[in-house]
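Report on the structure
Residues per chain are reported as follows:
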Amino acid sequence: AMCAECGDVQSGWASVTLGVFVCTQCSQIHRGLGAHISKVKSCMGTYIWCPDEIEAMERMGNDKARLVYCHAEGAPPAAPRSFQELEIIARNKYDKKKWHRAGGWEQLFKEQNKQEVKPVETLSAPQPAPAPQPVPAPQPTPAPLASGFEFINEP
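Residues numbered from 1 in each chain as written. Predicted model: local features only at pLDDT ≥ 70, side-chain atom pairs only at ≥ 80, totals over all residues. Heavy atoms only, no water.

On the secondary structure map, Ser11 appears in the segment before β1 (13–15). With relative accessibility at 14%, the residue Ser11 sits in the buried group. (Helix = DSSP H or I, 4+ residues; strand = E, 2+ residues; numbered from the N terminus. Buried < 20%, exposed > 50% of the residue type's maximum accessible area, 1.4 Å probe, protein only.)

Given below as structure tokens:
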């Protein structure tokens, strides 16, 4: 995935709280926002990821995050900029929520679920019940031998 902030193709980091993938430079910007806003983890295997963090990143991601954090008019696209410019944009985007979608992630998921709901199929005429299957005839039980042992027919 490309970096959600500058568009770099080397995004080896993720903000598990915001649901975005970022490059090394932008991971520093996200760390500067504070862990209460952006909890940054490496995607390179040196960090242990909790199952809920993995699930959150699979559910969110850069494309959906853009629909939440850059929803309003005037939100800047991910593009190469100076560190200071990227820092200001990130603070406006995630801390001040300058371009934030009303209702946030919950609203986005509601809207997407409405689009994914399939129409109810019309009911067709009832189908006839399947024909009953023949029941095999019971096998005769051999009579016990005088010695108390039973005779068993083996195939």
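The final tally for this structure, using the stated rule, is six salt bridges. In this structure, Arg91 engages Asp95 in a salt bridge whose closest nitrogen and oxygen atoms are separated by 3.1 Å. With Arg91 and Asp95 both in helix α4 (residues 83–95), this residue pair falls four residues apart, about one helical turn. One salt-bridge network, in which partners are shared between bridges, spans Lys39, Lys41 and Glu53. (Salt bridge = Lys/Arg side-chain N within 4 Å of Asp/Glu carboxyl O.)

Among the residues of helix α2 (residues 51–59), those classed as buried are Glu53, Ala56 and Met57. The buried residues of α2 occupy one face: seen down the axis, they fall within an arc of 95°. Away from the buried face of α2 by more than 90 degrees, exposed residues Pro51, Asp52 and Glu58 are located. One or two steps after α2, the chain reaches Gly61, where phi turns positive at roughly 90°. (Arc of directions from axis to C-beta.)

Looking at the secondary structure, you find Lys41 in strand β3 (residues 40–42). Under the relative-accessibility criterion, Lys41 is labelled buried at 8%. At 2.7 Å, the side chain of Lys41 and the side chain of Glu53 are in polar contact. Leave out the neighbours within four places in its chain, and Lys41 touches Trp13, Ala14, Val16, Tyr47, Ile48, Trp49, Cys50 and Glu53. (Polar contact = N/O pair within 3.5 Å; in protein donor to acceptor, adjacent residues only side chain to side chain. Contact = heavy atoms within 4.5 Å.)

Any functional reading would require information that these geometric values do not contain.
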